[in-house]
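# Coordinate analysis (summary)
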Amino acid sequence: MKEMSVVKKSIITAVCLALCVVLPQAFHAIPNAGSVYLPMHIPVLLCGLICGWPFGLLCGLAGPALSTLFTGMPPVAVLPVMIIELAVYGLVSGLIMSLIRTRKTYVDLYISLIIAMVTGRIVAGLARAFIFARGATTMATWAASYFVTSLPGIIIQLVLIPTIVFALMNARLIPRRYPKSA
Amino acid sequence: MNRLPTGMYLPGDSPIHRLDPRVKLLGLFISVTAIILVRPLIGYGVILAFLAFTVALSGLSIKIALNSVQRLSWFFLVIFMMNTFFYSPENAWFSWWIFTPSSAGLMQGVDVVLRVVFALVASNVITSSTAPMEITNALEALISPFKLVGIPAEQIAMILSIAIQFIPTFSEETEMIRKAQTARGARFDSKKLTEKAAAVLPLVVPIFLSAFKRADELSIAMEARGYRSASGRTRKKFAPLKVDDYFALLIVIAICILQILIR
Amino acid sequence: MPIEIKHASYTYFPGTIFESLALQDFSLQIDDGDYVGIMGKTGCGKSTLIQLIAGLMPPLEGQIIIDGKDINARDYPREELRRKVGIVFQYPEVQLFETSVEKDVAFGLRHSGLSKTTIAENVRWAIETVGLDFEAIRAESPFSLSGGEKRRVAIAGVLAAKPKILILDEPIVGLDPRGRAAFLELTTHLNAAGVTIIMVSHNADAIAENAQRVIVLEDGRLLINAPAKHAFRDVALLQEKGIGISPAREMAHLLSACGHPIPQDTIRYQELLPFLINIGKGASR
Amino acid sequence: MVIIEATDLVHSYEFEGSQNRSIDGVTLHIEQGEWLVILGRNGSGKTTFAKHINALLPVQGGELNVARLDARDPANIWEIRRHCGMVFQDPNNQFVSSVIEEDIAFGLENYDTPAGEIPARVERALAIVGMDGFEKKSPHMLSGGQKQRIAIAGVLAIDPQIILFDEATSMLDPEGRQEVLSTIHKLHAEEGKTIVMITHLVEEATLADRVAVFSQGKLLGVSSPREVLSNLDLLHNAGLTPPLPIRAYYDLQKEGVTLPCCPLTHQELVEALCPSK
């Protein structure tokens, strides 16, 4: 397996960032999809998994801001919490992916994804509770907003992201993680 | 897609359009801080007057300045209701189950919604009057001091520039893919959760494949044009700030300080 | 099933500074089993027209009527339209997404209500019709195929629903000569089997050699709507408007100008050749 | 003087564990100031060959010298790319900025050109491709042909001796194709650039000084357009379709009518058939 060059990783990060702006717009065409599908999470998680933590972190930090700049969504008021949440996704997914090697690509992907998704939600909940809306959030509302209402989004991401990674490998657009493995 | 995206750059030649993008970005940051800090009623008046003045000066219509406010109406309604009904059980009008509507909550709801609207107007004015590339360049200038702590400002600026450059291409392509899959019978409006997940696959998988293919081709094209890394390249030079720029910066800083003083 | 477009108008971004008119009071009828070539410069409204026919967006004014029914009426069955009208967009290979070729081609039939065996038959038929070996390719990932094969699989994905109307938007762009020839042969083959073909192309040769009727658009209006034989009659007009002319027609025009009158409805190479032979024999004599 | 010198060039890529030859022993010399067209079907190896010329692919076997630099030496990569620009197929995948002047400056910045020189060189490059006045515009708002001309200007700004066109007209409408072809003509005639143009359109080959035909990784032949295009067997073996005048030439021959020479264009066929005019 050939490692991708920094130039290539940078451009992949750039297209993931562009998709942070474009995907939520595309999902608007689908009735009330934005809050359910969490479209912006997908490019950030993919960027972390494929390009590593520094690129994933950048994608998470800049993606929501760029989207606000271009489309007005997410609204400025929720931007800080969202940036923190997405930055953690990009960072953690990349970190875990570089730490574990089970010899099975999909196992690596799922472990990294799940840890990233849980950490991101915990950190975002903490940030919301301690910095942005002191006292106004309880454990219950946190759990409700981050796990229950976004459950469909979580399931979709768990289906979608590995599918995309394998499709990219088959198309030879990214190198295989393990040569000739499933 | 038969609607313009909000916050899209509208070329013009107003005093706001002509401001240095670094000043505009910094100005936006300071004004949003001022909006968060605002406390007494008179403070709202100052912000409102300042925003009205900026919108008038920018030559953009009120409609553009208020762009996306209407689209967010349900979001505002939710914030407003949540605050009204859950804010505080003290001095509630009545209490039923978990609902404790109060006038303090009502005020709080109005307050939050107003702040968000203000921030939206401020960012709409800036994004509508500044070319995205100018914003990236300004960002590069503003984050370049962080190079001292090892953050590669040029590389980040390059990535942002390429991202912005790809946005219109991806928007068109996404729309095309959506239409192609609709014509093939894709159902994006299914109710069942599993079907919902299945319905986004035909849209999202092609978008990523196409985007990564474009990334692949662009990285080859960039290398063919001699790109090695972000360092070792010609440095961008920024024009010095003009009198107008200093003046604009002074106004926003003054407003921000005022908000702190009258809290 | 005839297609009737009645006074259709379409404008992009109405009411903004980016407003642009795509179609203006446009009326047209396309008969069953026709092979229509659509030409015109970029931005003339061709893409808008075919998307309106495919029911992907409603016209701002006017009606699109297929089989006597307004396809944008509230009670019109969309599912039926999707199966009746197939549309192959430019670079259709980008729409591939499934894990295997077979699944991707079957995608359009998922909600069709057809039985499993019928679906399997249709999929096999579609893959074989585009000239691929079904058994060899069915389980492959569509992404690992070559560019030409990907396009064929994508087209099979549209054909699998056995549409009665097939719309093609610049289908041969990027294909090499053999790929082009094979694809154009496929369209005439389908047309002979009764499928209405509507093909948008800049390639005048491909249109002249295959289409029965030619439509030329200019600024959202109909410039020419005539049987293919007559559509290329006015060479001067087409040149002035920047519309391509089939090589055979151009040759006929040039030879007519130097004293060898060749009928103006000579648009295909095989029609031109006897005249060339005659002229050549005359010249060498 | 020879500017590109490929001798017995070989390249194979690995796919799912097996080795596939994409070019197989190609020997081709290209003269300075020449306009060479490389004809071939998709997968004939023509793009792989071109990617070697500006060092986008490393030399695996054989020899390659570009502008008197040995392409096998990794130290020469950047110097070779400076002498040899490349314009790609999809006009949308070549831009790094949404402001044209910044995009054109990109190549110059890569070679650390003094900042003061950049605006003049950007302006000159835009003037050559006939896009002056578009400095502040976004490439996205342009037509396909205009986008490709901007891409050409981006390559031209670093003043390479050789410019490669990898099917640069294949995604354009006839108008855009004409714009790009006449720009290439200008680069060749007025700027003295060596042009290497890859295409599968036989019509485009008529414009060149010489035509090289690739098939299955091999160079089938290289000669003047008239000689190559009138070689029906060669075109057939390469899977290419001759344009109307050449088809007519052979069909007439079958009928016993032999024209003095094989016509390449419609005009030449008319002249051959109407000798009086």
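These numbers come from a predicted model, not from an experiment.

## A short note on the pattern of salt bridges
- Tallying each qualifying case throughout the model produces 39 salt bridges over all chains.
- B:Glu175 is the salt-bridge partner of B:Arg178, the closest N and O atoms lying 3.1 Å from each other. Linking B:Arg178 with B:Glu175, this pair stays in helix α8 (residues 153–183), spanning 3 residues, or about one helical turn. As far as the burial class goes, B:Arg178 and B:Glu175 line up, both buried.
- The partner of D:Asp24 in a salt bridge is D:Lys218, with the nearest N and O atoms 2.9 Å apart. With D:Asp24 in strand β2 (residues 18–31) and D:Lys218 in strand β10 (residues 218–223), the pair connects residues that are 194 residues apart, well separated along the chain.
- Each member of the salt-bridge network shares a partner with another, and the members are C:Glu102, C:Arg124, C:Glu128, C:Glu135 and C:Arg138.

## Describing helix α6 (residues 147–159) of chain C
Residue and element names in this part refer to chain C.
- Over its 13 residues, α6 extends 19 Å from the first C-alpha to the last, a length consistent with the 18 Å expected when each residue adds 1.5 Å.
- Residues Lys150, Arg151, Val153, Ala154, Ile155, Ala156, Gly157, Val158 and Leu159 constitute the buried set of α6.
- Here the buried face of α6 lies against β6 (85–88), α3 (101–106), α4 (116–129), β7 (165–169) and α7 (177–192).

## Digging into the domain arrangement of chain B
Residues and elements named next belong to chain B.
- According to the domain assignment, chain B consists of domain 1 (1–139 + 237–263) and domain 2 (153–230).
- The interface is formed by 5 residues belonging to domain 1 together with 6 residues belonging to domain 2.
- Taken together, the two surfaces of domain 1 and domain 2 that pack against each other cover about 480 Å², and 75% of this comes from carbon and sulfur.
- Inspection of the domain 1/domain 2 interface yields 0 salt bridges.

## A few points about the confidence of the model for chain D
- Residues at a pLDDT of 70 or more form 98% of chain D, whose mean pLDDT is 91.
- Across the interface, the model reports ipTM at 0.92; the global pTM reads 0.88.

## Some thoughts on the interface of chain A and chain B
- On the side of chain B, 52 residues touch chain A, which itself brings 53 residues to the contact.
- Together, the buried faces of chain A and chain B total about 4,600 Å²; carbon and sulfur atoms form 84% of this surface.
- Viewed at the interface, chain B and chain A are joined by 1 salt bridge.
- A:Lys8 serves as the salt-bridge partner of B:Asp216, at 3.1 Å between the closest nitrogen and oxygen.
- Put simply, chain A and chain B have 2 residue pairs in polar contact (both at pLDDT 80 or more) between them.
- Put simply, the parts of the chain that give the side of chain A that touches chain B at least two residues each are α1 (6–28), α3 (41–51), α4 (53–71) and α8 (151–170) of chain A.
- Counting residues per element, the side of chain A that touches chain B draws most heavily on α1(A), which supplies 20 residues.
- Here the residues of the side of chain A that touches chain B sort into 44 nonpolar, 8 polar and 1 charged.

## A closer look at the state of the cysteines
- Enumeration over the complete set of coordinates arrives at 1 disulfide over all chains.
- Bridging C:Cys258 to D:Cys274, the disulfide has an S-S length of 2.3 Å. Separated into two different chains, C:Cys258 in the loop between α11 (247–257) and α12 (269–284) and D:Cys274 in the segment after α11 (266–273) make up a pair that spans both. Considered together, C:Cys258 and D:Cys274 belong to a single accessibility category, that of buried residues.
- Sulfur of A:Cys16: no disulfide; nearest cysteine sulfur belongs to A:Cys47 and is 4.5 Å away.
- Here D:Cys261 stays free of any disulfide, with the sulfur of D:Cys262 as its closest cysteine sulfur at 7.1 Å.

## So, the packing of helix α5 (residues 144–156) of chain D against helix α6 (residues 174–189) of chain D
Residue and element names in this part refer to chain D.
- Interaxial distance between α5 and α6 falls to 8 Å at its minimum, and their mutual angle equals 25 degrees. Taken together, the axes of α5 and α6 lie roughly parallel to each other. Crossing geometry of α5 relative to α6 is assigned as right-handed. Contacts between α5 and α6 pair Gly145, Gln146, Gln148, Arg149, Ile152 and Leu156 from the former with Gly176, Glu179, Val180, Thr183 and Leu187 from the latter.
- Residue classes in the contact of α5 with α6 are distributed as 4 nonpolar, 5 polar and 2 charged.

What counts, and at which threshold
What you see as residue numbers is a count from 1 along each chain, following the sequence as written. Lettering of chains starts at A and numbering of ligands starts at 1, both following the order in which they are written. Two thresholds apply to this predicted model, a pLDDT of at least 70 for residue-level local features and 80 or more for giving and counting side-chain atom pairs, whereas whole-chain, interface and lining totals are computed over all residues. With hydrogens and water stripped out, all remaining heavy atoms of the structure feed into the side-chain values. When a carboxyl oxygen of Asp or Glu is within 4 Å of a side-chain nitrogen of Lys or Arg, the pair counts as a salt bridge. Here a strand is any run of E in DSSP of at least two residues, a helix any run of H or I of at least four, and the numbering for each starts at the N terminus. Per-residue accessibility, obtained with a 1.4 Å probe over protein chains only, is compared with the maximum for each type, and a residue is labelled buried under 20%, exposed over 50%, and partly exposed between these values. In this scheme, a helix's expected span is set at 1.5 Å multiplied by one less than its residue total. The contact criterion used throughout is that any non-hydrogen atoms of two residues lie within 4.5 Å. Each domain's limits were defined by an automated method or a database of domain assignments. Note: buried area is the sum, over both parts, of the accessible area (probe 1.4 Å) each one loses when the two are combined. pLDDT runs from 0 to 100 and stands for how confident the predictor is about each residue. Two N or O atoms count as a polar contact when they lie within 3.5 Å, although within protein this holds only if one can serve as hydrogen donor and the other as acceptor, and sequence-adjacent residues are included solely when both atoms are side-chain atoms. Nonpolar residues are Ala, Val, Leu, Ile, Met, Phe, Trp, Tyr, Cys and Pro. Charged residues are Asp, Glu, Lys and Arg, and all others, Gly as well, are polar. Defined by distance alone, a disulfide is two cysteine sulfur atoms within 2.5 Å. Here the axes come from fitting lines to C-alpha atoms, over the contacting stretch only for helices, and the angles between their N-to-C directions go from 0 to 180 degrees. In this scheme, roughly parallel covers angles under 35 degrees and roughly antiparallel covers those over 145, while 65 to 115 is roughly perpendicular and the rest are oblique. Each helix crossing is assigned a hand: it is left-handed if the near helix lies turned anticlockwise from the far helix by less than a right angle, otherwise right-handed if that turn is clockwise.

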